[in-house]
Amino acid sequence: MFDQAQLRKGTLEGCILKIIDRKPTYGYAIATTLRDSGFADLTEGTLYPLLLRLRAQGGLGRRHLPEYRAGSGGPSRKYYRLTPDGVQYLNEFTEAWQNASDTVNRILHDKEG
């Protein structure tokens, strides 16, 4: 049986970066956007380690440390922004995704026979 988790693993980082690229945002909002976009079973246990890894790789934070803003009636929220490395990673991901998607679609929709 096909394991969708493996496919998602390779795409979540790029999707997270694109969400943050649109505007600085915080973890819960990222999770909500991903769920609303089709990653229905995404958990914080998946998201936050990815955010930490992206930050450790230089795509988030370091030169542009997360900004803390007051939450509405709760604790401060950590807002993420892309670094120049994060923008480069997103551009590379976007190009690689488009190439892979085009290739898979050609094979899946080939009318050979």
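Our subject in this report is the structure included herewith. (Residues numbered from 1 in each chain as written. Predicted model: local features only at pLDDT ≥ 70, side-chain atom pairs only at ≥ 80, totals over all residues. Heavy atoms only, no water.)

**Quick notes on the overall build of the protein chain**
- Within the protein chain, the secondary structure is distributed over four helices and three strands.
- With 113 residues in all, the protein chain has 30% of them scored as buried.
- As displayed, the protein chain offers around 7700 Å² of accessible surface, 53% of which is attributable to carbon and sulfur atoms. (Helix = DSSP H or I, 4+ residues; strand = E, 2+ residues; numbered from the N terminus. Buried < 20%, exposed > 50% of the residue type's maximum accessible area, 1.4 Å probe, protein only. Areas by Shrake-Rupley, 256 points an atom, 1.4 Å probe, with all protein chains shown as cover.)

**Let's talk about the nonpolar core**
- Ile-16, Ile-20, Ile-30, Leu-34, Leu-47, Leu-51 and Leu-60 are the most contacted members of the largest nonpolar core, which has 18 residues in total.
- By residue number, the principal contributor to this core is helix H1 (residues 4–22), which donates five residues.
- In contact with Leu-47, other than residues within four places in its own chain, are Ile-16, Gly-27, Ile-30, Ala-31 and Leu-34. (Core = buried A, V, L, I, M, F, W, Y, C linked by side-chain atoms within 4.5 Å. Contact = heavy atoms within 4.5 Å.)

**Description of the pattern of salt bridges**
- For the structure on display, the rule yields four salt bridges.
- A salt bridge links Asp-41 to Arg-8, with the shortest nitrogen-to-oxygen separation between them at 2.9 Å. Of the two residues, Asp-41 is situated in the loop between helix H2 (27–36) and helix H3 (44–56) and Arg-8 in helix H1; the sequence distance between them amounts to 33 residues. (Salt bridge = Lys/Arg side-chain N within 4 Å of Asp/Glu carboxyl O.)

**What to know about the packing of H1 against H2**
- Packing of H1 against H2 brings their axes to within 10 Å, and their N-to-C directions diverge by 115°. Of the two elements, H1 crosses H2, and the hand of that crossing is right-handed. Touching Leu-12, Cys-15, Ile-16, Ile-19, Ile-20 and Arg-22 of H1 are Ile-30, Thr-33 and Leu-34, all from H2.
- Split into classes, the residues belonging to the contact of H1 with H2 amount to seven nonpolar, one polar and one charged. (Axes fitted to C-alpha atoms, helices over the stretch in contact; angles between N-to-C directions. Left-handed = near helix turned anticlockwise from the far one by under 90°. Nonpolar A, V, L, I, M, F, W, Y, C, P; charged D, E, K, R; others polar.)

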